[in-house]
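Residue-level structural notes
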Amino acid sequence: MAVEQEIVLTVRNLSKLYGPGCPDCLSLTGPEAGTNICPRCHTIVACNGVSFELESGEILGIVGESGSGKSTLVRCLYFDEDATSGECCFSAFGDGRANAFAQTSQARRYIRNHLLGIVYQNPLMGIKPHFTAGGNVAEKLLTADVYNVSAIRQRAAALLERTEVPLARMDDFPAHFSGGMQQRVQIAKALANNPPVLLLDEVTTGLDVSVQARVLDLIKEIQQDLGIAMLVVSHDLGVIRILADRTAVMQHGQVLEFGLTDQILEDPQHRYTQLLVHSTL
Amino acid sequence: MSATVNSAATPARQPRGYNFAFLDENTKREIRRKLLKAVAIPGYQVPFASPELPIARGWGTGGLQITMAIIGPEDVLKVIDQGCDGSVNAVNIRNLLVKTTGVDTTFDTTAASIVQTRHRVPEEPMRADQILVLQVPIPEPLRYVEASEAKTREMHGEMDYSRMWVYLYENIVQYGEISIGARYPSLVNRRYLMDPSPIPRWDVPKLSMSPTLHLFGAGREKRIYAVPPHTLVEPLEFEDFRFRVEEFSGRSCLRCGATDTYMNELFDRVSGQKLYACSDSGYCDKRRAAQERRAD
Ligand SMILES: Nc1ncnc2c1ncn2[C@@H]1O[C@H](COP(=O)(O)OP(=O)(O)O)[C@@H](O)[C@H]1O
Ligand SMILES: [Mg+2]
Ligand SMILES: [Zn+2]
């Protein structure tokens, strides 16, 4: 029996250009053109008509080589960057029909603070080393209008415990933490406001191999416990294999192939995906 | 009529060689334009040119420039520094203003039409027909948490004060309370975070919903801002860590006996005791004079 899944995030035709842009940028770039640089105006087309739906509670993987536009996609969804064109709708905002990209900066900030969490590859992009570990989690709660110190401390303690940061370190500064522990603080912060959607960009890429496995397990557990929908971006098919239910393969800013992760790994359709799969198998 | 004086409102007593209130009329008009903008957007820091004065920048020039721009010959001026009319800075600023305007001065808050102050709001409630001009060293409340001016402007634009809140949270974690004394960050009109200048916490509630116009001037940093009459000023506070004013319970002024004023702590070397006296010297003197009259 097929259960109709709720869609928590819909992205339609998201494009992001770095450069002046011309009418032909989108058609002259992409996998077929073999480049993400417009030959006519030299604009970089980092994302080119990206569309997908994120279902509640699922982990959607985005895989592709370096420069294929994965981080740009995530940064646009978190409003770190302004998408050049396209739409993005959250089921929890404006009846799921309002285009988040077209909202005022206040409304976008509301979405970011209440409906999204993000974990960057570099922990220091997401947390501040001169705020305590608890203070970093507090920051996310404060942006979501929680103004009660004991409530903040309780929530921060629970999240840090959940992400296996020793409670004794709650009032210490992450500047002195290992990379793995900084990353776990960043995850705790991203979860603080109970977001329906979590964005993760190469979360294990900078970490030691031994630490990587534990962080991946943690992400999987959190997803199962809390049922948060996650967009997991990685150049590493190994990470995608462990985490993602469905996967999109990106190249030169476009989604080349989309489907169940198992199918993509076992029976890749595109030549590029085949190369990607076989080089890591 | 002197050629250098182009103000129509030149009193007879004014010495020659200066325009009324030192600054030329165009400069004053420009400052008044910025003041109008500041009043129109309560708590918003308006950049202004901060003209040269015969006083080094940072010694109350921002307040002085505002006072010069708004003062007229009929005004009665009071100048205080840390509550005191007699301190060197207050005397210098008062002398400069009197010399260039010829206005009457007073130590009595209730008798003044303009009060220029550093670090205090007078104890006696001010009225709608009075203006309080505050000298500001650091106009940017977010300077606690962000060094870049471009970033703090963006944070104000977005009303993104979460980092200030984290700063207060960390303060509580570290000290068990919010340890900020003066310069307590406060939200004006539910919109802009403001540095109320280095007044003690004691004075912050006086700014809120007051009938008086409050003008803030930072000469070195070239910023003007305002709390217009009847405007909400809310010190940042948590639900479980409320904003509190300084505690003086059980203490009284050694000069006038007041128990309800902001007090300076004094140390008596002979007895080794801590003593307290009103910081607002004008108010203290007034109370003592009234007590003496009653005793007669
Ligand atoms: N701020 C920027 N300015 C110009 N080009 C950029 C910028 N950010 C990314 N790019 C370019 O956009 C493309 C996609 O980059 P990115 O999204 O970081 O890819 P990925 O995360 O998949 O490695 C690359 O060609 C990159 O050089
Ligand atoms: Mg990347
Ligand atoms: Zn082009």
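For the structure given in this document, a descriptive report is provided here. (Residues numbered from 1 in each chain as written. Chains lettered and ligands numbered in written order. Predicted model: local features only at pLDDT ≥ 70, side-chain atom pairs only at ≥ 80, totals over all residues. Heavy atoms only, no water.)

1. Points about the packing of helix α2 (residues 61–70) of chain B against helix α3 (residues 88–101) of chain B
Residue and element names in this part refer to chain B.
- Contact pair α2 / α3: the axes reach a minimum separation of 11 Å and the direction vectors enclose 25°. Of the possible angle classes, the one that applies to α2 and α3 is roughly parallel. Relative to α3, α2 is oriented so that their crossing is right-handed. When α2 is examined against α3, the residues Leu-64, Thr-67 and Met-68 are found in contact with a partner set consisting of Ile-93, Leu-96 and Leu-97. (Axes fitted to C-alpha atoms, helices over the stretch in contact; angles between N-to-C directions. Helix = DSSP H or I, 4+ residues; strand = E, 2+ residues; numbered from the N terminus. Parallel < 35°, antiparallel > 145°, perpendicular 65-115°, else oblique. Left-handed = near helix turned anticlockwise from the far one by under 90°. Contact = heavy atoms within 4.5 Å.)

2. Some thoughts on the coordination of the zinc ion (ligand 3)
Residue and element names in this part refer to chain A.
- The protein atoms that coordinate the zinc ion (ligand 3) are Cys-22 (SG), Cys-25 (SG), Cys-38 (SG) and Cys-41 (SG), at distances of 2.3 Å.
- What the 4 donor atoms of the zinc ion (ligand 3) show is an angle range of 95 to 114° at the metal, which sorts the shape as tetrahedral.
- The sequence pattern formed by the donor residues of the zinc ion (ligand 3) is C-x2-C-x12-C-x2-C. You can see Cys-22 sitting in the loop between β1 (7–18) and β2 (44–55) and its partner Cys-38 sitting in the loop between β1 and β2, a full 16 residues away along the chain.
- Cys-22 sits in the partly exposed class, given a relative accessible area of 22%.
- Since its relative accessible area comes to 0%, Cys-38 is described here as buried. (Donors = N, O, S within 2.8 Å, 3.2 Å for Na, K, Ca; no water. Tetrahedral: all angles 85-135°; square planar, octahedral: opposite > 155°, others 65-115°. Buried < 20%, exposed > 50% of the residue type's maximum accessible area, 1.4 Å probe, protein only.)

3. As for the site of ligand 1
Residues and elements named next belong to chain A.
- In the region of ligand 1, 13 residues are neighbours, and Gly-67, Gly-69, Lys-70, Ser-71 and Thr-72 sit closest.
- Ser-71 is positioned with one of its side-chain polar atoms (N or O) 2.8 Å from an oxygen atom of ligand 1.
- The separation between a nitrogen atom of ligand 1 and a polar side-chain atom of Arg-75 is 3.5 Å.
- Surface burial for ligand 1 is 65%, taken as the share of its 560 Å² of free accessible area covered by protein chains.
- Counting only elements with at least two residues in the shell around ligand 1, the list comes to β2 and α1 (70–77).
- Examining the composition of the shell around ligand 1, we find that 4 residues originate from one element, α1, more than from any other.
- Here the residues of the shell around ligand 1 sort into 3 nonpolar, 7 polar and 3 charged. (Near = heavy atom within 4 Å. Polar contact = N/O pair within 3.5 Å; in protein donor to acceptor, adjacent residues only side chain to side chain. Areas by Shrake-Rupley, 256 points an atom, 1.4 Å probe, with all protein chains shown as cover. Nonpolar A, V, L, I, M, F, W, Y, C, P; charged D, E, K, R; others polar.)

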